[in-house]
Structures are given as C-alpha cells and as structure tokens.
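Report on the structure
Each chain, letter by letter, is given below.
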Amino acid sequence: MTVQELPGAAAYRPTPPPAWKPLTDPAPLLPDPEPYRVLGTEAVADVDPELLLRLHAELVRGRRYNAQATALTKQGRLAVYPSSTGQEACEIAAALVLEERDWLFPSYRDTLAAVARGLDPVEALTLLRGDRHTGYDPREHRIAPLCTPLATQLPHAVGLAHAARLKGDDVVALAMVGDGGTSEGDFHEALNFAAVWRAPVVFLVQNNGFAISVPLAKQTAAPSLAHKAVGYGMPGRLVDGNDAAAVHQVLSEAVERARSGGGPTLVEAVTYRMDAHTNADDATRYRGDSEVEAWRDHDPVQLMERELTARGLLDDEGAEAVRAAAERMAAALRERMNADPVLDPMDLFTHVYAEQTAQLREQAARLREELAAENDQHGTHDGGAAR
C-alpha cells in the first residue's frame, strides 16, 4: 500500500495553484529604485550614537587590517590576500548584526567580517598563508570556513538555517557573496531552497562592480541584483554598501525578519573594490584610475567620520585614539605573522574524516615513510614535524 492509498491520504494532498498564478504578490518584494542611505540624511537622527562610534572604530581598524595584510603578501608572509578595502562597511555591519548563537558564512574576501565577529586576526589569515585548510574551529566561533569556491557556502548556510529551525533553535545564518558569485548555480539553488523552506537565512551580496575583471553589466541584465529575489519569492533590499549605518539597519531588519519566522531576505550592498581582486591581479587592465578616484569620494571611513564630526560625536583626539588602537592591532599582527609556524605534514590527514578511510591511511603511511627517510638522510629525529 502506498502513501496515497492510505485512508484519508487524499485529504492531506496539497492542491497546486494554476501554473499561471503567482504564489506571492511580487510588489512588496521589490527593492527600492535607489540604494537606501542613512548617513547624511534625516534618518541618521534615529541611530544610536554609540553604534555610530563603534561602527567608526571598526571601520578604521578594518582599513588598517586590510593594509597590513596586503603588506604581508609583499613580504612573502601571505600567499595571497583578497583585500576588502572600500567594502569595510559591509564587512563590519555583517559581523555586528549577528547574535553569538548565529552563524556567519563568509567568502574568501570576508576575512574582515570574521575578525570583526571576534576571530583572532592571525587565525583569519591561516588559510591564506597556506598553513591549514582553515585556521579556526568553525563550531566554536560560529563562522564557517572562508570559502574560496564561488557561492558554495550559500547552500550550506541554507541547510544549517533550515536544520536549526527544524530543531527549534533560535539561529539565523548570514551568508556573504560577491556579485560574481550570483552568476553561479549554487546562488540560485540556495535562494530557491531558502524561500521554499522559509529558512532563517540572510543573503548579503557585496556588489563591488567586478567579478575579477568582468563588470556587472556583462554578468546580468537585471535592474539590480536585489531584483533577483523576487523570482524566488523573498524580499530584495538595495542599500548603499559604503554607508555602514544603512547596511547595519537593513541587515538588522532582515535578521529580525528571519528570526521571527518571516523567511529569507536578499540584500544587495552597492560598494566598490578599491584594491585589485588580489595581490596577483592587475586591475589597471580593466578599469581606469578616474573610476577608482570617483569612488574615493564615497569612502566608507570618510563618510562615517564626516557624520560623526558634524554631529559633534568625534573630535581630533577621539579620531587619533581610534587610529592608535588600529596601529597597535597592526603591529601585533605583524609580529605574530613574522614568526614561522610549526607545522606537522601529518596534519594533512587529521581533519579530513572523523574516521580515516583506507585510502587516507595508505597515503598517511606512505608520507610517514618518506618523512622518516628524509629525517634519516639529514640526521634529524623530530618525528616528521617541519620547523
């Protein structure tokens, strides 16, 4: 006997709507025609001054972190670094809107968001130095591993959020992705599942203008990336990604909506990547200096400092104290990153599976023999650890 043949089964069989009839009224889901702003508008009067000061301090620290990490690549201490200079408002706001129990799902460019959420600045760079698969315990910090493949973290975020809801856990997942990631199939699959399941997840798209060298206009013909939300049955929000207060407000509303059972939201933050894609990229081949300079006038740090100064919340002494704290962070980061790590090649097999497969055991035994032979050749007896 099948499920459909059980007594009373027909009463529970859902009746599909006509194919032409929309499940949801699209009008309330559409984003505003222009990016939402707070700084420099009347809306800023409703923002807690303490929040503005904290956003400013984190922006300054984030800018210094990006500069220091970029310098470390030139010194050979990092293999690569994808800077988020110019996008700090998105990074900081994403970290600050989450509760401790929530989860952050970052992309490879979102090291700053992880640090702002409380992750050790050195641990955030461990992957980019090539030391480990990821330099921290995701479960401890509620931060998924920094994701190098484009958009693959988005379905993971939906799965975690859906599972948390089924368990009755009051958890929201915030997943970050760039405009390039919206061209991947994982992006569309994640949004569709999230909307159908009404999963408590927020998608933050940092539209920084380029997918490496490909401008947005060559990726999509949509009015905005936020408009893509309507096709999946969730709200789309368009926000000025360089306005930290605006991004914080929009994300806060989306997180609260998700937590209260309202389902997912897609937020597009319009920002700009001031630096090259990574230190291995030559951005002058696909964009001009005049374009970059035009965006410097809309710098997220300067926008916040102008607002705070105009409102009498920040003076020269306060600004210098914030910069000094950022310099101390950078100095500590330099000192710790200049120390050679102690690594054991056998760790390659430690965190792949809870119980090693036969193939992994075979590979580990082979490496152990090679290391032992190398140690015998050089007269060392350190058990295989590379120092």
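Computed from a predicted structure; not experimentally measured.

**Focus on empty space enclosed by the protein**
Sizing a probe to match a water molecule and rolling it over the atoms shows the empty space that remains. One pass over the full model with this rule turns up one cavity of 30 Å³ or more. Roughly 40 Å³ of volume is contained in the largest cavity. Contributing to the lining of the largest cavity are R61, G62, Y65, L112, V115, P121 and M329. A per-element tally of the lining of the largest cavity places helix α1 (residues 49-74) first, with three residues. Class assignment of the residues belonging to the lining of the largest cavity gives a composition of five nonpolar, one polar and one charged.

**Re helix α10 (residues 300-310)**
Within the sequence span of α10, burial applies to P300, V301, L303, M304, E307 and L308. For α10, the arc enclosing every buried residue in end-on projection is 165 degrees, short of the 170-degree limit, so these residues lie on one face. Against the buried residues of α10 lie α1, α2 (88-96) and α8 (244-259). Two or three places before V301, at the opening of α10, D299 has a side-chain oxygen 2.8 Å from that residue's backbone nitrogen. Just downstream of α10, G312 is the residue with a positive phi angle, here 75 degrees.

**Points about the sheet that holds strand β3 (residues 201-207)**
The strand order across the open sheet formed by five strands is β1-β2-β3-β7-β6, and the pairing between neighbours is parallel. A strand with exactly one partner marks an edge of an open sheet, and here the two such strands are β1 (103-105) and β6 (236-240). Sheet twist, expressed as the mean angle between neighbouring strand axes with direction ignored, is 20 degrees. Relative to β3, strand β2 (residues 173-178) runs parallel, the two sharing six bridges. Counted as the bridge partner of L174 is V202 from β3.

**What about helix α11 (residues 316-337)?**
When the terminal C-alpha atoms of α11 are compared, their 31 Å separation across 22 residues agrees well with the 32 Å that a helix rising 1.5 Å per residue should span. Those residues of α11 lying buried are A319, V322, A326, M329, A330, L333 and M337. Taken end-on, α11 shows its buried residues confined to a sector of 95 degrees, consistent with a single buried face. Opposite the buried face of α11, at more than 90 degrees from it, the exposed residues are D316, E317, R328 and E335. Lining the buried residues of α11 we find α1 and α4 (121-129).

**Structural notes on the nonpolar core**
Residues Y65, L125, L174, V202 and L251 are the most contacted members of the largest nonpolar core, which totals 64 residues. L174 has contacts with A94, V97, L98, W103, L104, F105, V202, L204, L251 and V255, leaving out every residue within four places of it along the chain. Of all hydrophobic cores here, the second largest spans 26 residues; its members include A144, A157, A190 and V205.

**With respect to the packing of α1 against α4**
Put simply, α1 and α4 touch, their axes get as near as 12 Å, and they point 40 degrees apart. Between α1 and α4, the crossing angle belongs to the class labelled oblique. In this structure, the crossing between α1 and α4 has a hand that is right-handed. Packed against α1, whose contacting residues are Y65, A69 and L72, the element α4 presents P121, A124 and L125 at the interface. Taken together, the residues of the contact of α1 with α4 sort by class into six nonpolar, no polar and no charged.

**Regarding the confidence of the model for the protein**
Across the protein, the average pLDDT comes to 92, with 93% of residues at or above 70. Note on residues 1-6: pLDDT under 50 across the span, and four contacts to partners over four residues away in sequence or across chains. A low-confidence stretch, residues 383-387 stays under pLDDT 50, and its non-local contacts, those more than four residues away or across chains, total 13 contacts.

**Here's the deal with unusual backbone geometry**
Most peptide bonds take the trans form, and the phi angle of most residues other than glycine is negative. You will see that R142, though not glycine, has its phi angle at about 55 degrees, which is positive. One non-glycine residue with positive phi stands out, namely R198, at about 50 degrees. In this fold, R198 is placed in the loop between α7 (185-197) and β3. By relative accessible area, R198 is classed as partly exposed at 41%.

**Points about the pairing of β6**
The element β6 is extensively covered by neighbouring structure, given that four of its five residues are classed as buried. Relative to strand β7 (residues 265-270), β6 runs parallel, the two being bridged by five bridges. Across the sheet, the residue bridging to D240 is V270, located in β7. Note on the crossover from β6 through α8 to β7: the handedness is right-handed.

**Overview of the side chain of R259**
Inspection of the secondary structure assignment puts R259 in helix α8. Beyond its immediate stretch of four places on either side in the chain, R259 contacts E99, R101, D102, D170, V171 and V172.

**Quick word on the packing of helix α6 (residues 153-167) against α7**
Running from amino to carboxyl end, α6 crosses α7 at an angle of 15 degrees, the nearest separation of the two axes being 8 Å. As summarised for this structure, α6 and α7 are arranged roughly parallel, according to the angle between their axes. Seen along the crossing, α6 lies across α7 with a hand that is left-handed. Across the interface between the two elements, L154, P155, V158, H162 and R165 of α6 pack against D186, F187, A190, F193, A194 and W197 of α7. When the residues that make up the contact of α6 with α7 are grouped by side-chain class, the tally is eight nonpolar, one polar and two charged.

Calculation notes
- Residues numbered from 1 in each chain as written.
- Predicted model: local features only at pLDDT ≥ 70, side-chain atom pairs only at ≥ 80, totals over all residues.
- Heavy atoms only, no water.
- 1 Å grid on protein atoms, 1.4 Å probe; cavity = no way out; pocket = protein on both sides within 12 Å on 5 of 7 lines; lining within 4 Å.
- Points joined across faces, edges and corners; volume = space filled by probe spheres on them.
- Helix = DSSP H or I, 4+ residues; strand = E, 2+ residues; numbered from the N terminus.
- Nonpolar A, V, L, I, M, F, W, Y, C, P; charged D, E, K, R; others polar.
- Buried < 20%, exposed > 50% of the residue type's maximum accessible area, 1.4 Å probe, protein only.
- Arc of directions from axis to C-beta.
- Contact = heavy atoms within 4.5 Å.
- Polar contact = N/O pair within 3.5 Å; in protein donor to acceptor, adjacent residues only side chain to side chain.
- Pairing = 2+ DSSP bridges.
- Axes fitted to C-alpha atoms, helices over the stretch in contact; angles between N-to-C directions.
- Expected span 1.5 Å × (residues − 1).
- Core = buried A, V, L, I, M, F, W, Y, C linked by side-chain atoms within 4.5 Å.
- Parallel < 35°, antiparallel > 145°, perpendicular 65-115°, else oblique.
- Left-handed = near helix turned anticlockwise from the far one by under 90°.
- pLDDT = per-residue confidence, 0-100.
- Right-handed = clockwise from strand over helix to strand, strands pointing away.

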